[in-house]
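# Structural overview
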Amino acid sequence: MRRPDQGDDRPTSDDRRTSGFRQDFDARARAARNDFEAQIRQRRAEFGARNEALTARTGRNLPAAIAIALAFAVVMLGSLLLYTPSFMVVAAFLLGLGVYELASAMRFAGRDVPRIPSVAVAIATVPAAFLGGQIWALFTLLGGVVFISLWRLVEVAVSRTKPPAASVARDLTNGLFVQAYVTLLGACVVLLSAQEQGQLWVVGFILVVVAVDTGAYATGINLGKHPMAPRISPKKTWEGFGGSVGASIVVGILVTWLMLGLPWWTGIILGVLISGSATLGDLTESMIKRDLGIKDISSFLPGHGGLLDRIDSILPSAAIAYLMYLVVNH
């Protein structure tokens, strides 16, 4: 028999009821969690499938592309609007990396463009343009081309295996092209940023370039049927080009009127010119990649390919914006 001072360890009906409630609650919680995890996995699978389909259709990983574009926008806007001289650091990094990517792609294709002097010239041109203006930028660039050419000739002279003269000439012309395409056009951005209200012009013309890209993308992906240059860029259509022109004109009017204080009709001119230069820049880079036999200049940026793949529209548009600034202000 159990002594009176000993407690009864057998579960009571209340204990059994509480235990049953707890087990039922735990079972429901596990079921809810499993259902939630299953829904998350399904949503991820659906998102992945949509992203893969969109990537196959557009040729880029759109979420990654948007995230990187926003990051670049924050850095560029911060340097331009908060303390404009700091933009030299951003520009030097972008131009140096762009030159390195293109020179590396050319070397991969068997064209020996010296990378170290090419990058050094691109970086040196930035402060020359910002602090010294057009003349200093031009002399730095011309001196840099001579430096790059001499570097390559010295490489050939000390090499045990002498390449054919035609190959050396091709290397020299390709080194010149890298500087003309990236450094010279990129210097126009730096020259523009150093002018009075130049930082606003840089922000403005880049907004128009973004409008060109966005308008072409939105219109092309939904309405595009007629290829614009199928041998160069199969995904570019005339419908997309029409959308890019319309979007660039709208943004151009807003930029010139609200940001730059110019007559609204100058925005039409800016929009039309930038839509043409941005499209030409995109096609030019596509021709370069086709000539080199590559899909992207590099894989530096997820969803974008290389840096040069993303600033190809900005480079020629910078020259247009700088020339228009000179015309408007002189």
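The structure we're discussing is the one just above.
Residues numbered from 1 in each chain as written. Predicted model: local features only at pLDDT ≥ 70, side-chain atom pairs only at ≥ 80, totals over all residues. Heavy atoms only, no water.

### Observations concerning helix α4 (residues 115-158)
With 44 residues, α4 ought to run about 64 Å at 1.5 Å a step, yet its terminal C-alpha atoms sit only 18 Å apart, falling short of that. Residue G132 marks the point of greatest curvature in α4, where the axis turns by about 150°. (Helix = DSSP H or I, 4+ residues; strand = E, 2+ residues; numbered from the N terminus. Expected span 1.5 Å × (residues − 1). Bend = angle between axes of the 7 residues up to and from the residue.)

### Some points on the packing of aromatic side chains
If you walk through the whole model with that rule in mind, you get four aromatic pairs. Relative to W151, the ring of F147 has its centre 5.8 Å away and its plane inclined at 85°; by these criteria the two rings are edge-to-face. A residue pair is termed a helical-turn pair when its members lie 3 or 4 positions apart in one helix, as F147 and W151 do in helix α4 at four residues. (Phe/Tyr/Trp six-rings, centres within 6.5 Å; stacked < 30°, edge-to-face > 60°.)

### Some remarks on the pattern of salt bridges
Applying the stated criterion across every chain, the model contains five salt bridges. Its salt-bridge partner being R111, residue D291 comes within 2.9 Å of it at the nearest N-O pair. Pair noted here: D291 is in helix α8 (residues 264-292) and R111 is in the loop between α3 (87-108) and α4, with a separation of 180 residues, a long-range link. When the shortest N-O distance is used, the salt bridge between R152 and E155 registers 3.0 Å. One end of the pair, R152, and the other, E155, are both in helix α4, three residues apart, so they sit about a helical turn from each other. Given a relative accessible area of 8%, R152 falls into the buried group. Each of the salt bridges in this network shares a partner with another, and the network as a whole consists of D112, R152, E155 and D171. (Salt bridge = Lys/Arg side-chain N within 4 Å of Asp/Glu carboxyl O. Buried < 20%, exposed > 50% of the residue type's maximum accessible area, 1.4 Å probe, protein only.)

### Overview of a nonpolar patch on the surface
On the surface, V250, L254, W257, L258, W264, W265, I268, I269, V272 and L273 cluster together to form a nonpolar patch covering roughly 1000 Å² of accessible area. Of all the secondary structure elements, the ones that give two or more residues to the nonpolar patch are α7 (238-259) and α8. The element that contributes the greatest number of residues to the nonpolar patch is α8, accounting for six residues. Relative to the helices and strands, V250 is located in helix α7. Look at V250 and you get partly exposed, because its relative accessible area is 49%. (Patch = residues over 30% accessible without salt bridge, like charges linked within 9 Å, V, L, I, M, F, W, Y side chains within 5 Å. Areas by Shrake-Rupley, 256 points an atom, 1.4 Å probe, with all protein chains shown as cover.)

In short, shape yes, function no, at least from these values alone.
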